[in-house]
Amino acid sequence: MLKCIVQLEKKKMKNKFFTTLLFLFPLTFLLESCSRQNSVPPNIVIIFTDDQGYSDLGSYGAVGFETPNLDRLANEGIRFTDFQVSQAVCSASRASLLTGSYSQRIGVRGAYNHTARVGLNPNEITIAEMLKSIGYATGIFGKWHLGHHKMFLPLQQGFDEYKGIPYSNDMWPVDYDGTPIAGSYHRKNFYPQLPFLEGNDKIEEIRDLKDQDQLTIRYTKYAIDFIARNKDNPFFLYLPHSMPHVPLGVSDRFRGKSEQGMYGDVIMEIDWSVGEILNALSKYNLDKNTLIIFTSDNGPWLNYGTHAGSALPLREGKGTMWEGGSRVPCIMRWPGKIPAGIVSNQLAATIDILPTIADLTGAPLPKKPIDGVSIKQIIEGDINSIIRDDYYYYYGGELIAVRKGKMKLVYPHSYRSYEGVTPGKDGYPAIYKGVLGKYATGKSGLELYDLMNDVGESKDISSQYPDIVTELEAIGNIARKKFGDRLRGIKGIDVRPIGRLDPERSLSELKILHQGISKKIIFKTKFSSQYNAKLNDGKRGTLNHRDSNWQGYHGVDFDATIDLGVKTKVSKISSSFLQNQSAWIFFPNEVDFQISKDGINFISVEKFKEKTVMDPAYKVKDFVHKFSKREIRFVKVKAKNIGLCPEWHPGAGNRGWLFVDEIVIN
Ligand SMILES: [Ca+2]
Ligand SMILES: [Ca+2]
């Protein structure tokens, strides 16, 4: 009670009531009540590594290198053995950590490169915004990867300060062995120089491995400086390391120090960094008022072999939703609050971090629905309490698996596989079937695994436990209804839009009434089975070519005729086409509108010619022909596909796509 009064009255130091209090209570008692340990919300430090495997820490069974500081963190706090990311890939995983939502809910998928025109929607509330709202200082030092355009950068998502790289450290014009290849013919020439940002501005470039070698030290230095500057106020420090994502970089101090090799050296340096953070907290007497969370964004990138970590005994790695991809190490430490040396085997996830922090700090939760739950009870020592009983494993829009307790139901799907592929070494990915960096493809059926007794997902027990399968299917059905499932062509009702750099079409443009709706269409050319939207349903496409309102033609022209059934007075014909050159979708080179009364003799009423130009923007172009009312029955729209991707395009020589969404007749 007194503590609260003291806090509330802090600003009114001079008022009489407070002076009276000073007289009434011994000064020492009052000072203790005011000390940061008791009355101020905790500082939050999240250290997030990139592609570090489940078993790449001493306390998780690392082989060939030691992690004394991380082990100390585990000895002084809680270690989770069943901790999940939302998708085993950078951008999606980061979006979940910062918003407490399944990435599927908020539309973030995959790993953005420099061509991305999307990012975490600025309307989403991040941990930084949440904590800023109750007065925290907020800083991020490291890899962002939630959109590199200004509107998506950390300063626009609740962070006071930012230093680091906007996306992955391998998105640069440098060969796997470290040779800069800018200007020469090379697949990595697709990338511009890797920018290093301060705030919203590029301040330098990471141009070679020597620059990469300094990243861990630099991020650590910035982090410690941030702690020093904010030692007297609550702060949120987010330290998303670029390492151990390839290309590996390590300073001379740790190079050659581990038995494992370069990867072990890199983890040892990260471990050193954790030690530096611990030292800084201790130096400023912040230990007892700081929650540190250490975890990784996804499992190891196994086809980099000696430059990759390990998730053993888990199955597969990064890019898959087998446990090796989705299950990551996680340690939390808060002396005095989290009992020392405890281990929880309960299911928990990065999406639970935001609500847990809200619970611990009193910060208000985001107003929009999120998916995480507070695991405060577990970290305070009730290690066996079941707070999260189910979980959805999505990857790239597909519902791959669902969990209930230790049971995991995997749906039939194709997946990237590292099995049977000889991994690469010294910074090179595997060569599979003669192609550098290619993955094998695995295929699963409907499979049930008991992760309690078979954490390596080796024994499908679905036929023995049909009731459990049914029970888990029900969870999967809820997931699909809420968030959709590309494997089954289902759109979710609870999804929120991704942030877009390019202006999106308005709702009135997306749903329209016209005379062609439900009328018969005759297609002369073949559209893709994947992009098979209707052109006579009054629905038009958004900038997302996967929104199921686009019809796609792969290297093929478009030629379709609508039969209105009877002669109809018409004054306007229009069709729109999509451009998203990063997805190999181009505007047509020619659009031809034709009309006919009998379906035999067609008159071309207007032909539009388009020149293909390099343009990274996602755009929809509406081709419209207007005329004074005429009685017609048939409308034909023809559009010429670009054919092959142009010379300047990364897909040069491969078939380009043409996307059309509706034949609108008024
Ligand atoms: Ca990653
Ligand atoms: Ca349509």
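Residues numbered from 1 in each chain as written. Chains lettered and ligands numbered in written order. Predicted model: local features only at pLDDT ≥ 70, side-chain atom pairs only at ≥ 80, totals over all residues.

## Topic: the overall build of the protein chain
1) Next: The secondary structure content of the protein chain amounts to 16 helices and 29 strands.
2) Next: In summary, the protein chain has a C-alpha radius of gyration of 28 Å against a globular reference of 26 Å for 666 residues, a match within 12%.
3) Next: Across the 666 residues that make up the protein chain, the buried fraction comes to 47%.
4) Next: At a minimum sequence separation of 6, the contacts of the protein chain that also span at least 24 residues come to 70%. (Helix = DSSP H or I, 4+ residues; strand = E, 2+ residues; numbered from the N terminus. Rg over C-alpha atoms; globule rule 2.2 N^0.38 Å. Buried ≥ 20, exposed ≤ 12 C-beta atoms within 10 Å, placed from the backbone. Contact = placed C-beta atoms within 7 Å.)

## As for unusual backbone geometry
1) Next: Here the residue pair M243 and P244 is connected by a cis peptide bond, since its omega of 0° sits within 30 degrees of zero.
2) Next: One can find P244 in the loop between β8 (235–240) and α11 (262–283).
3) Next: The omega torsion of the bond from L312 to P313 falls at 10°, within 30 degrees of zero and hence cis.
4) Next: With respect to the helices, strands and loops of the structure, P313 is situated in the loop between β9 (290–296) and α12 (323–326).
5) Next: The phi angle at K433 is positive, at roughly 50°, despite the residue not being glycine.
6) Next: As for its placement among the helices and strands, K433 is situated in the loop between β17 (431–432) and β18 (435–436).
7) Next: Under the C-beta neighbour-count criterion, K433 is labelled exposed, with 8 such atoms within 10 Å.

## Quick look at the environment of Y112
1) Next: On the secondary structure map, Y112 appears in the loop between α7 (103–106) and β3 (118–119).
2) Next: A tally of 27 C-beta atoms within 10 Å means that Y112 is categorised as buried.
3) Next: The spatial distance from the C-alpha of Y112 to the C-alpha of H148 is 8.5 Å, given a sequence separation of 36 residues.

## Some details on the environment of I573
1) Next: Structurally, I573 is set in strand β24 (residues 558–579).
2) Next: For I573 and F235, which are 338 residues apart along the polypeptide, the C-alpha to C-alpha distance reads 58 Å.
3) Next: Sequence-distant contacts of I573, that is, excluding residues within four places in its chain, are made with F593, H625, V635, V664 and I665.

## Brief notes about the nonpolar core
1) Next: Counting residues in each nonpolar core, the largest one holds 132 residues, and the members touching the most others are A223, F236, L237, L239, M332 and I400.
2) Next: With 10 residues, α11 is the single largest residue contributor to this core.
3) Next: Two domains each put at least three residues into this core: domain 1 (44–386) and domain 2 (407–488).
4) Next: If near-sequence neighbours (up to four positions away) are discounted, A223 is found in contact with F141, L237, L239 and I277.
5) Next: In this structure, V635, V637, F659 and V664 belong to the second largest nonpolar core, which totals 35 residues. (Core = buried A, V, L, I, M, F, W, Y, C linked by C-beta atoms within 7 Å. Domains from an automatic or database assignment.)

## Comments concerning the sheet that holds strand β15 (residues 407–410)
1) Next: Reading across the sheet, the four strands line up as β13-β14-β15-β20 and stay open at both edges, with antiparallel pairing between neighbours. One side of each edge strand has no neighbouring strand; the edge strands of this open sheet are β13 (390–395) and β20 (447–450). Between one strand axis and the next, the sheet turns through 20° on average, direction left out of account.
2) Next: Taken together, the four bridges between strand β14 (residues 398–404) and β15 define a ladder with antiparallel strand orientation. Note on β15: the bridge partner recorded for V402 is L409.
3) Next: Helix α15 (residues 466–483) contacts β13, β14, β15 and β20 of the sheet and is inclined by roughly 130° relative to β14. (Pairing = 2+ DSSP bridges. Axes fitted to C-alpha atoms, helices over the stretch in contact; angles between N-to-C directions.)

## Some details on the packing of helix α10 (residues 215–229) against α11
1) Next: Where α10 meets α11, the axes come as close as 10 Å, and the angle between the chain directions of the two elements is 10°. Accordingly, the angle class assigned to the pair α10 and α11 is roughly parallel. Every residue of α11 that contacts α10 at T216, T220, A223, I224, I227 and A228 is listed here: E269, I270, S273, E276, I277, A280 and L281.
2) Next: Its residues placed into classes, the contact of α10 with α11 shows eight nonpolar, three polar and two charged. (Parallel < 35°, antiparallel > 145°, perpendicular 65-115°, else oblique. Nonpolar A, V, L, I, M, F, W, Y, C, P; charged D, E, K, R; others polar.)

## Things to note about the domain arrangement of the protein chain
1) Next: Once the domains are mapped, the protein chain shows domain 1 (44–386), domain 2 (407–488) and domain 3 (502–665).
2) Next: One C-alpha centre belongs to domain 1, the other to domain 2; they are set 25 Å apart.
3) Next: Across the side of domain 1 that touches domain 2, the residue classes break down as 11 nonpolar, eight polar and five charged.

## Quick word on the pairing of strand β7 (residues 201–206)
1) Next: Bridge count between strand β6 (residues 194–198) and β7: five bridges; the pairing is antiparallel. For F196, the partnering residue across the bridge sits in β7 and is E204.

## Quick notes on the packing of helix α5 (residues 68–75) against α11
1) Next: Contact geometry for α5 and α11: axes closest at 7 Å, N-to-C directions at 55°. In this view, α5 runs oblique relative to α11, as classed from their interaxial angle. Contacts from P68, N69, L70 and L73 in α5 reach D271, W272, V274, G275 and L278 in α11.
2) Next: Across the contact of α5 with α11, the residue classes break down as six nonpolar, two polar and one charged.

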